[in-house]
Amino acid sequence: MMTKYNFDEVIDRGNTLSLKYNFSGRGKPDDTLPLWVADMDFRTPPCVVRALEQQVAHGIFGYSEADSSYFDTLRAWFSSRFSWEPRREWLVQTPGVVVALYLLVRALTEPGDAVLVQQPVYYPFAGAVADTGRKLVINELVRNEDKSDAAYGAYYIDFDDFERKIAAHNVKLFILCNPHNPVGRVWRESELLQMGEICLRYGVTVVADEIHQDFVFAGRSHLVFAGLTDELAEISVTCTAPSKTFNLAGLQASNIFIKNEKLRRAFRKEYQAAGLSQLPVMGLVAAKAAYEGGAGWLDELLVYLEGNMDLIAAWAAELPRKPGGGAAAGAAESGPLVGYRKPEGTYLAWLDFRATGLTGTALDHLLNEKAHVWLSGGYTFGAGGSGFMRVNAACPRGILAKALERIAAVL
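Each chain has its residues counted from 1, following the order in which its sequence is written. Totals for whole chains, interfaces and linings use every residue, but because this is a predicted model, local features are given only for residues with pLDDT of at least 70 and side-chain atom pairs only at 80 or more, for both listing and counting. The basis for every side-chain value is the complete set of non-hydrogen atoms in the structure, without hydrogens or water.

What about the layout of surface pockets?
Any residue with an atom within 4 Å of a point lines the site, the site being either a cavity, points on a 1 Å grid over the protein atoms alone where a 1.4 Å probe fits but cannot get out, or a pocket, an open set with protein on both sides within 12 Å along at least 5 of 7 lines. Grid points are joined across faces, edges and corners, and a volume is the space filled by probe spheres set on the points. Roughly 1,100 Å³ of internal volume is contained in the largest pocket. Every residue lining the largest pocket is counted, 43 residues in all, and those nearest its centre are Asp 39, Asn 247, Leu 248, Ala 249 and Gly 250. Elements are defined by DSSP. Helices are runs of H or I of four residues or more, strands are runs of E of two residues or more, and each kind is numbered from the N terminus. Among the secondary structure elements, those contributing two or more residues to the lining of the largest pocket are helix H1 (46–58), helix H3 (97–108) and helix H8 (243–246). Each residue belonging to the lining of the largest pocket can be placed in one class, and the counts come to 23 nonpolar, twelve polar and eight charged. If you add up the space inside the second largest pocket, you get close to 390 Å³. Classification used: nonpolar for Ala, Val, Leu, Ile, Met, Phe, Trp, Tyr, Cys and Pro, charged for Asp, Glu, Lys and Arg, polar for all others including Gly.

Shown next as structure tokens:
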């Protein structure tokens, strides 16, 4: 395959105000390889850089407002990639999806109301519930330990528990993550519909965080929850952004779609009450340029990322086997020292270190202080993540290989 973009290029991000590479005051060795926060080490598409350069050359950065062409670009992207065509009046723009999650919890529930999440999951979900005085209810995802059963990847949903928790706690809001961060599942239509039917039955509003929707690997496809049926569109909020797809997180532009006018009005009211208004012009310019001209770049990136995921699989397979019996509960004899199932979506790998007998801060210490590799501790995603680590594989393959070599050496 002929390639146009060089994702192997190693770009020095030191002294660039990068959160990912700022070790000051964090106790990390200077040669640490940071594969933690979901921030890619690839340059954004050239079409985005050109659009930003043109805006900079103009020299004025006043208050800005997206026009109809901005929405037309969004609709064309969602239509071509996901066969979903939102309407312009559904759109509410925010500085980020996390900001939207907090405001949505405040807008669509009351203090003390129950909000359900599926852990292990992106930790701001729990933060948006606890920090706003709501009650956190957890439908724990179930790890599929039977690797011969590939039908549902590494995790599946306990639907009996899902419905039981909703009924018992009078859940008002469910925050869905699809594709799922960190476990890498891309939920099937049957799974989404079953969750949706339960939510309809109990009057639960669904906030669907679909920020990783563009990162789905071969053999899988992303389905927009609100695009499945008209009924589900009426009870749901769809959270999207170009930030993960095109590495634009620092430009703060997200696109939230809400068909139901009552829900949308409540969200706008909460948004305005927080003192928020227009998005920064550079974010709008970058988003439009990325969705207009970034498809070819993304298609090449997906192939490259899948190669990185295959590299992790080969690395895990070559590690020494754990001693008979192992430390993981119910583990078979002579199993893998580090368990890994290739994700169906996202650029995040979910590694199972339970066989090492290390969890929590002890596992952090081993990787940080001994291997000089910085990963995201699984325990931050919920109790079910204890003993796991999340790896951001969106980096040049040489960097990923070096990080894996360091981890293998200390194991």
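Having seen the model, we can carry on.
Concerning the nonpolar core
Among buried residues, the Ala, Val, Leu, Ile, Met, Phe, Trp, Tyr and Cys ones that are joined through side-chain atoms within 4.5 Å form a nonpolar core. Here's how the labels work: a residue is buried when its accessible area is under 20% of the maximum for its type, exposed when over 50%, partly exposed in between, all with a 1.4 Å probe on protein chains only. The biggest cluster of nonpolar side chains holds 101 residues, and the ones touching the most others in it are Leu 104, Leu 301, Ile 312 and Trp 315. A contact between two residues is defined here by any heavy atoms of the two lying within 4.5 Å. Beyond its immediate chain neighbours, meaning those up to four positions away, Ile 312 contacts Tyr 340, Ala 349, Leu 351, Ala 393, Leu 400 and Leu 404. With 29 residues, the next largest nonpolar core counts Ala 114, Val 137, Ile 157 and Phe 159 among its residues.

Topic: empty space enclosed by the protein
With the rule as written, the count across this model stands at one cavity of 30 Å³ or more. In this structure, the largest cavity spans a volume of roughly 40 Å³. Forming the walls of the largest cavity are Ala 38, Asp 39, Met 40, Ser 243, Lys 244, Asn 247, Leu 248, Ala 249 and Tyr 347.

Some thoughts on the side chain of Thr 240
If you trace the backbone, Thr 240 turns up in strand E9 (residues 236–240). Take Thr 240: its relative accessible area is 0%, and that puts it in the buried class. We define a polar contact as two N or O atoms separated by no more than 3.5 Å, with the added condition that, inside protein, one atom must be a possible hydrogen donor and the other a possible acceptor, whereas residues neighbouring each other in sequence contribute only through side-chain atom pairs. Side-chain polar atoms of Thr 240 contact the backbone oxygen of Asn 255, separated by 2.7 Å. Contacts of Thr 240, omitting those with residues within four sequence positions, involve Phe 78, Val 97, Gln 213, Ser 254, Asn 255, Ile 256 and Phe 257.

Some thoughts on the pairing of strand E10 (residues 254–258)
Residues in a regular strand project their side chains so that they alternate between the two faces of the sheet. Counting buried residues in E10 gives five out of five residues, a clear majority hidden from the surface. The side-chain alternation of E10 yields two buried faces, one formed by Ser 254, Ile 256 and Ile 258 and the other by Asn 255 and Phe 257. In this sheet, E10 lies alongside strand E2 (residues 91–94) in antiparallel orientation, the contact comprising four bridges. Across the sheet, the residue bridging to Gln 93 is Asn 255, located in E10. By definition, two strands form a pair when at least two bridges between them are found by DSSP.

Here we look at the packing of aromatic side chains
Stacked, tilted and edge-to-face are the three classes assigned to paired rings of Phe, Tyr and Trp, where Trp is represented by its six-membered ring and a pair needs centres within 6.5 Å; plane angles under 30 degrees give stacked, over 60 edge-to-face, the rest tilted. Tallied over the full model, the rule gives 24 aromatic pairs. Both rings, one in Trp 77 and one in Phe 246, keep their centres 5.7 Å apart while their planes meet at 65°; by these two values the pair is edge-to-face. Residue Trp 77 is found in helix H2 (residues 68–82), and its partner Phe 246 is found in helix H8; the two are separated by 169 residues along the sequence. Take Trp 77 and Phe 246: they sit in the same class, and that class is buried. Consider the rings of Phe 78 and Tyr 291, whose centres lie 6.3 Å apart with planes at 50°: the pair is tilted. Remark: Tyr 291 occurs in helix H10 (residues 281–293) and Phe 78 occurs in helix H2; sequence separation between them is 213 residues. Note on Phe 78: relative accessible area 0%, which makes it buried. By way of ring pairs, the aromatic residues Tyr 5, Phe 7, Phe 42, Trp 77, Phe 78, Phe 82, Trp 84, Phe 246, Phe 257, Tyr 291, Trp 297 and Tyr 304 are connected into one cluster.

Side note on H10
Residues three or four positions apart in an α-helix share a direction because the helix packs 3.6 residues into each turn. Between the first and last residue of a helix there are one fewer steps than residues, each counted as 1.5 Å, and that sum is the expected span. Taking 1.5 Å of rise per residue, 13 residues should cover 18 Å, and H10 covers 18 Å from first to last C-alpha, within 8% of that figure. Buried residues dominate H10, accounting for ten of its 13 residues. For H10, the set of buried residues is Val 281, Met 282, Gly 283, Leu 284, Val 285, Ala 286, Ala 287, Ala 289, Ala 290 and Tyr 291.

These figures capture arrangement, not role.
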